[in-house]
Amino acid sequence: MITQKEDLIKAENDLKEAIEKIKAEMLTQFNEGFVKINENFQKIFKELFGGGRAMLELDYTNVEDKLEAGVEIIAEPPGKKLQKLSLLSGCEKALTTIAILFSILKLRPMPFCVLDEIEAALDEANVDRFASYLKNFSQDTQFIVITHKKPTMEKSDALFGVTMQEKGVSKIVSVKLSDIEDIDDLKKKAL
Amino acid sequence: MNFEKVEIYGFKSFADKVEIKFNDGITGIVGPNGCGKSNVSDAIRWVLGEQSAKNLRGSSMQDVIFSGTQNRKSLSYCEVSLFFDNSTKIFDVDYNQVIITRKLYRSGESEYFINKQQARLKDIVSLLHQCGIGKEGYTIIGQGKVEEIISAKPEDRRAIFEEATGIAHFKTRKIESERKLDRTHENIVRYSDILSEIENQLAPLERQAAKAKEFNELSEELKRHEINTYIAKVDGVETAKGKIYVKIKAVDDEYAQRERELNKAQTEYDKIFNEINEADDNLRNLNAELLEKRVNMEKSSGQIRLFKERIGYFEGQVQDNLAEIERNKNTVKESGETIAKNKSDLQNAQADLMSLEKSFEVATKQLVSVSEKIALGEELATANTRKVIESLESLTDIKVNKGTMSIEKSNLLEKRNELTDKLDEYSVKREKAFNDKETIDQNISNLDRNIFETKNNIELKEEEVQQGNEEVSKIDNKIFLLNNELARLEQTDKMLKSFKENHEGFAFPIKTLLNNAKSNPELNKRIVGVVAELIKYDKKYELALARSLSAAAQNVVTNTPEDAKYLIKYLKANDIGKATFLPITSVKMRENGGEIRRALSETGALGIADEVVKYNPAYKSVITNLLANTLIVDTLDNATKIAEKYRFNFKIVTLEGEVFSTQGSMTGGSEKGARVDHMSADRRIEENLARLNGKKAELEELRKQKTALESKRDKAFDELHLLNDLYTQKHQSLILEREKLKVVENTLSDLDKDIENLNELIESVNVRLGEIDEKYRAVEGGSKRLEADKETAQISASKHQKEFDALKKERDDLSEQSTKIQIDITSKKASIQTLKEDISRLERIVNDCNYNIKTLEENVENQKQIIENLKLDEEKVAFSKEEQEVINSIRDKIDGIESNKLSLREQLNKNDERKNFLTEELSRLTEKKNDQKIALAKIDSDLEYLQQSIWEDYQETYETAVKYREE
């Protein structure tokens, strides 16, 4: 029993060592990735907003472990002062977030990606930019976009409509963009 | 194409199997709100291994199964499959297509499949992870993800980036390791606890063992004693049982004897009982016979009494009938007389009646002829009167009609005038409205044009504002870049200054000495400076001078050799290191040699080193000493030529830093990170400052430009506002004008309608007037004809009236006469009727009396016969003496049997008592026997109980226990 106890003490030390190793590896990998995301973000932000500047910052204040540093988003939409994310308008917030998401996607391109109405808060012009940008990305990544916005639909290569002709039961119909004059038409069709 | 399609069955609102094929690029999914679009993304997320029902917008995982609607049943399971094209082998499997399927049953059982082969969730997750797909990552970005990133605290937001950089799985590993660490620590503590606990428990266990042993011994002894008691009891049982059996035998014997006695008594009893029954039967028969005889006797005497009464009654009847016959004979005689008298009266009355009827007939004929004449006259008079009245009525009607028609006519004429006036008025109004409309149309077309122009202007202005905005943002961008540049330059400035301040770049002893001198006035006083810091020069000579001076650049200049001595001592005392000092007073000034002066005219020669540098003349000796014999040349080739020509008479350096020494050696080549910082600190500070100021000026200029552009843009913006206001204003007046137009148009159409109505009305009035005129003429003719008719009718009526009055008088007289005769006839007829009735009544009475007499005589005959018969019957019924004697003998027999029965009854009672006694004795004996049997059973049950308890306590039977017997 005493030997078992000693074994345990040894295991405890081993574990401590392993944790330190993991931490070090995490820090390196995170910092590398973060720098790249930051670069992408600054570029994509400008493209999406049609100007302005933005960056990501690691906030080391009030943090003991470097692995717990917070991430602050600083954005300056065109024609406005540099400000924190919480002070932006709803549309700007959404677009900034989308820029971050795209930055991440750029760092780690995925085979496919489902976007569920993430551009809902954007106005027509911004949706247009968003959709064009999405189009650029679609060469590396297959996108499945759930949307209400016309520009996004226009940029889609294929469209499917979900309808509820029978109450509580959804059906899928294939839609050709040339058939649709505007969203109202689509809605009529779906109903 | 990687992701080919998704197949969904029974997932959430997808009750039927649906299939969505994905193309390369973007596939859009659209539809109205609430139709289940997001369920598509939920389905994909679910297959990727989502375990949280909340993330799928349900309260439990089973909620994802289609739960039925009013028209559809719910399903028992749901299934979603993702089809991937694996021809590029993005997945590490050998198939060209990979199908990942998840299936969930209502029982909560969940199954996963890869290419239809059952698999574990872990397999799927790791398969997907290889190519960067995962439910936590950025494969599915839902409506909530945007919100999450925005509203998260900076620390939480970090998690998103950790995921993105791929260290999230490290984190789980780290946490797992930490948990393991905690567990290990706990185990160590528990082991220590268990060890100390075991040591504490040893002493109490020993005490318990001793007690257990003692208990075993004592219970062995108890067993021995109890078994012996048991054996003794078993042995005693047999003798006790024998005694009881003897007692039972005695009781049985006595019981048998008593039973025999009882049987005997019973037979005797039965015999006596039979005899009594026999006697009863006899008695009953005799009594019945006696009763019958007496009933017959009573019946006969009743009949005799009845016959006597009837005879008396019939004799009374005969007397009455005889008196009645006498009375009837008298009545017949009286009636005959009255009839004869009445018949003569009747003949007289009939003759009178005949004469009266003849005179009535005459009177009636006269009356009829007069009445007919009167009726004719009356008819004529009535017809005339009617004619007169009719004519009068018609005339009145015609007069009234004429009046109404003329009134209507005048009304209509008046109305026609009114209508014509109105028509004129409306026509004028219409003219005016039409003119108004023209003006408004003109206004509207003017406004339309105006608005179009304003719109164009607005567009132009908007473009201008847009352009202004773009320019401002361009300038903004430039300013941002400049600011960055400025900050960088300021930083550099600061750095360079501190570099100089701290004498960075000098060798350690020199640096220390100079730095110490800053705080030590004694040292400071003695140091003039370092050579590098005392000279100023053009930048292009920097490398040449640095190489030429080399180590001498760091030499310290002092005023006197004493100072140098003091400083050397200081270095030594503080163990700082070594330095070279150049006292101004002791270092020799050096003149430029003639050779070097000549060489200045050679191609490539730029100058003598001491002449290209500027310095304080006080240090001339030091500087010339170091540099007067050095020529600076532009290139290596030129330097080589000069060196050869002047045979290395002086030192040559090139601008690239190659050095030709007087000894003939040549130093040069590439240099890594040529460190000449200590030489150029001041110059670099100046350069930096110049650049900084330049940038600042540029920034200022940009700011000015920006302000100008902004004001220009703002001006355009204000103008745009004005134009917009103008547009709105014009638009409003356009709407106003249109409104007016509508009103005027309505008025116009109203007026048109009114005019048409008026015309129609006038036409109808004219028609009505024509009709009235025609009617009036017709009525006039009718009136004249009627007047004449009335005249003739009145004349004929007055002529007929006189004849009519005479006839009426004659008719009244005749009618009076006729009535009188009629009354007489009626009274005669009545008296004749009375007489006839009297005669017939009397004749009927006579007949009745005669019939009565005949009947009564027959009755008397019959009654006499009946009385005779009754007397004969009475004699027949009278009672005989022999029958009385029979009754008496029966009574004697009954008395004998009664006394015999009494003695038998006494015997029976005695026998019954004996029987009862015997029965009691028998039951007493049975009881006694039962007592003994109970005693026997008790002994047996006691024994059995004992046996059982011995078996339970020690598992011994009697046979096995015998070996424990002790005497």
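In this text, all values refer to a predicted model and were calculated from it rather than measured experimentally. (Residues numbered from 1 in each chain as written. Chains lettered and ligands numbered in written order. Predicted model: local features only at pLDDT ≥ 70, side-chain atom pairs only at ≥ 80, totals over all residues. Heavy atoms only, no water.)

Draft legend 1. Focus on the overall build of chain B. The helix and strand tally for chain B stands at 18 helices and 16 strands. Within chain B, contacts between residues separated by at least 24 positions form 72% of all contacts whose residues are at least 6 apart in sequence. (Helix = DSSP H or I, 4+ residues; strand = E, 2+ residues; numbered from the N terminus. Contact = heavy atoms within 4.5 Å.)

Draft legend 2. Main features of the overall build of chain A. Within chain A, the secondary structure is distributed over five helices and seven strands. From first element to last, N terminus to C terminus, chain A shows the α and β order α-β-β-β-α-β-α-β-α-β-β-α. Within chain A, the proportion of its 191 residues that are buried is 48%. Of the contacts formed within chain A by residues at least 6 apart in sequence, a portion of 52% connects residues at least 24 apart. As displayed, chain A offers around 9,500 Å² of accessible surface, 50% of which is attributable to carbon and sulfur atoms. (Buried < 20%, exposed > 50% of the residue type's maximum accessible area, 1.4 Å probe, protein only. Areas by Shrake-Rupley, 256 points an atom, 1.4 Å probe, with all protein chains shown as cover.)

Draft legend 3. Spatial organisation of the interface of chain A and chain B. Listed by partner, the interface residues are 82 residues for chain A and 77 residues for chain B. Carbon and sulfur atoms make up 69% of the area that chain A and chain B hide from each other, which totals about 7,500 Å². Ranking the residues of chain A by area buried against chain B places F112(A), Q142(A) and F160(A) at the top, with a combined share of 9%. In this assembly, chain A and chain B are joined by three salt bridges. D16(B) is the partner of K171(A) in a salt bridge, and the nearest nitrogen-oxygen pair spans 3.1 Å. Put simply, chain A and chain B have 23 residue pairs in polar contact (both at pLDDT 80 or more) between them. With 19 residues, the single largest contributor to the side of chain A that touches chain B is helix α1 (residues 2-49) of chain A. When its residues are assigned to classes, the side of chain A that touches chain B shows 47 nonpolar, 15 polar and 20 charged. (Buried area = accessible area lost by both parts, 1.4 Å probe. Salt bridge = Lys/Arg side-chain N within 4 Å of Asp/Glu carboxyl O. Polar contact = N/O pair within 3.5 Å; in protein donor to acceptor, adjacent residues only side chain to side chain. Nonpolar A, V, L, I, M, F, W, Y, C, P; charged D, E, K, R; others polar.)

Draft legend 4. Examining the sheet that holds strand β1 (residues 53-59) of chain A more closely. Residues and elements named next belong to chain A. Here we have three strands laid out as an open sheet, ordered β1-β2-β3, and antiparallel in their pairing. Looking at strand neighbours, the two that pair on one side only are β1 and β3 (83-84), the edges of this open sheet. Relative to β3, strand β2 (residues 70-76) is paired through two bridges, and the arrangement is antiparallel. If you follow I74 over to β3, its bridge partner there is K84. (Pairing = 2+ DSSP bridges.)

Draft legend 5. Broad picture of the pattern of salt bridges. Residue and element names in this part refer to chain B. Enumeration over the complete set of coordinates arrives at 49 salt bridges over all chains. A salt bridge links D493 to K497, with the nearest nitrogen and oxygen atoms 3.3 Å apart. In this pair, D493 and K497 are both assigned in helix α6 (residues 202-501), four residues apart and thus about one turn of the helix distant. On the accessibility criterion, D493 (10% relative accessible area) is buried. Counted as one network, the salt bridges with shared partners bring together E254, R258, E261, R914, E921 and R924.

Draft legend 6. Structural view of the packing of helix α3 (residues 143-151) of chain B against helix α4 (residues 154-165) of chain B. Residue and element names in this part refer to chain B. Viewed as axis vectors pointing N to C, α3 and α4 meet at an angle of 125 degrees, and their least axial separation amounts to 7 Å. Taken as axis vectors, α3 and α4 run oblique relative to one another. Here K145, E148, I149 and I150 of α3 lie close against α4, whose contacting residues are R157, I160 and E163. Taken together, the residues that form the contact of α3 with α4 break down as three nonpolar, no polar and four charged. (Axes fitted to C-alpha atoms, helices over the stretch in contact; angles between N-to-C directions. Parallel < 35°, antiparallel > 145°, perpendicular 65-115°, else oblique.)

Draft legend 7. Highlighting the sheet that holds strand β5 (residues 142-146) of chain A. On the basis of which strands lie adjacent, the open sheet formed by six strands has the order β7(A)-β6(A)-β3(B)-β5(A)-β4(A)-β8(B) and mixed pairing. With partners counted over all chains shown, the strands left at the sheet margins are β7 (169-175) of chain A together with β8 (140-141) of chain B, one partner each. Note that strand β6 (residues 158-166) of chain A and β7(A) share six bridges and pair antiparallel. Looking at the pairing, E166(A) lines up with V169(A) of β7(A).

Draft legend 8. Focus on a negative patch on the surface. Negative charge collects at one region of the surface, where E414(B), E418(B), D421(B), D424(B) and E425(B) lie side by side. As for its placement among the helices and strands, E418(B) is situated in helix α6. (Patch = residues over 30% accessible without salt bridge, like charges linked within 9 Å, V, L, I, M, F, W, Y side chains within 5 Å. Lys, Arg positive; Asp, Glu negative; His and termini not counted. Charge placed at Lys NZ, Arg CZ, Asp CG, Glu CD.)

Draft legend 9. Region of the structure containing unusual backbone geometry. The backbone of E117(A) sits at a positive phi, close to 50 degrees, despite the residue not being glycine. Mapped onto the secondary structure, E117(A) falls in the loop between β4 (112-116) and α3 (124-137). The residue R57(B) is not glycine, and still its phi comes out positive at about 60 degrees. Inspection of the secondary structure assignment puts R57(B) in the loop between α1 (37-47) and β4 (77-85). Of the residues examined, R57(B) reaches a relative accessible area of 51% and is grouped as exposed.

Draft legend 10. Structural detail: the packing of helix α2 (residues 90-107) of chain A against α3(B). Here α2(A) crosses α3(B) at 100 degrees, and the two axes come no closer than 9 Å. When the axis of α2(A) is compared with that of α3(B), the two are roughly perpendicular. Contacts between α2(A) and α3(B) pair K93(A), A94(A), T97(A), I100(A) and L101(A) from the former with V146(B), I149(B) and I150(B) from the latter.

Draft legend 11. Inspection of the confidence of the model for chain A at higher detail. The share of residues in chain A with pLDDT of 70 or more is 90%, and the mean pLDDT across the chain is 80. Confidence scores differ between elements of chain A, with helix α5 (residues 183-190) of chain A showing the lowest mean pLDDT of 54 and β5(A) the highest of 89. (pLDDT = per-residue confidence, 0-100.)

Draft legend 12. Structural view of the packing of aromatic side chains. The tally for this structure, following the rule as stated, stands at 17 aromatic pairs over all chains. With centroids separated by 4.4 Å and ring planes inclined at 40 degrees, the aromatic side chains of F112(A) and F3(B) adopt a geometry described as tilted. Of the two residues, F112(A) is situated in strand β4 and F3(B) in strand β1 (residues 3-9); the pairing between them involves two chains. Both residues of the pair, F112(A) and F3(B), count as buried. With a centroid separation of 5.6 Å and 55 degrees between ring planes, the pair formed by Y9(B) and Y77(B) is classed as tilted. Of this pair, Y9(B) sits in strand β1 while Y77(B) sits in strand β4, and the two are 68 residues apart along the sequence. Positioned above the aromatic ring of F83(B) is the side chain of K5(B), whose terminal nitrogen or guanidinium carbon lies 4.6 Å from the ring centre. If you follow K915(B) out to its NZ or CZ, it ends over the ring of Y269(B), 4.1 Å from the centre. (Phe/Tyr/Trp six-rings, centres within 6.5 Å; stacked < 30°, edge-to-face > 60°. Lys NZ or Arg CZ within 6 Å of the ring centre and 35° of its normal.)

Draft legend 13. Examining the environment of I890(B) more closely. Residue and element names in this part refer to chain B. As for its position among the elements, I890 is in helix α17 (residues 882-954). When the C-alpha positions of I890 and N287 are compared, they lie 8.0 Å apart, and in sequence the two are 603 residues distant. Beyond its immediate stretch of four places on either side in the chain, I890 contacts L286, E289 and L290.

Draft legend 14. The arrangement of the environment of K696(B) in detail. Residues and elements named next belong to chain B. One can find K696 in helix α16 (residues 677-877). Using a relative accessible area of 39% as the deciding quantity, one classes K696 as partly exposed. Separated by 210 residues in sequence, K696 and L486 place their C-alpha atoms 7.3 Å apart. Residues within four places of K696 in sequence aside, it is in contact with L486 and E490.

Draft legend 15. Structural view of the nonpolar core. Core analysis: the biggest nonpolar cluster contains 50 residues, and F102(A) and F143(A) have the highest contact counts within it. Beyond its immediate sequence surroundings of up to four residues, F143(A) is in contact with F102(A), L105(A), C113(A), L115(A), L134(A), F137(A), S138(A), G25(B), I26(B) and T27(B). Ranked by size, the runner-up nonpolar core spans 48 residues in total, among them I146(A), F14(B), L48(B) and I124(B). (Core = buried A, V, L, I, M, F, W, Y, C linked by side-chain atoms within 4.5 Å.)

Draft legend 16. A look at α3(B). For α3(B), the set of buried residues is K145(B), V146(B), I149(B) and I150(B). The buried residues of α3(B) occupy an angular sector of 130 degrees when the element is viewed end-on, so they sit on one face. Buried-residue contacts for α3(B) involve β2 and α2 of chain A together with β8 and α4 of chain B. (Arc of directions from axis to C-beta.)

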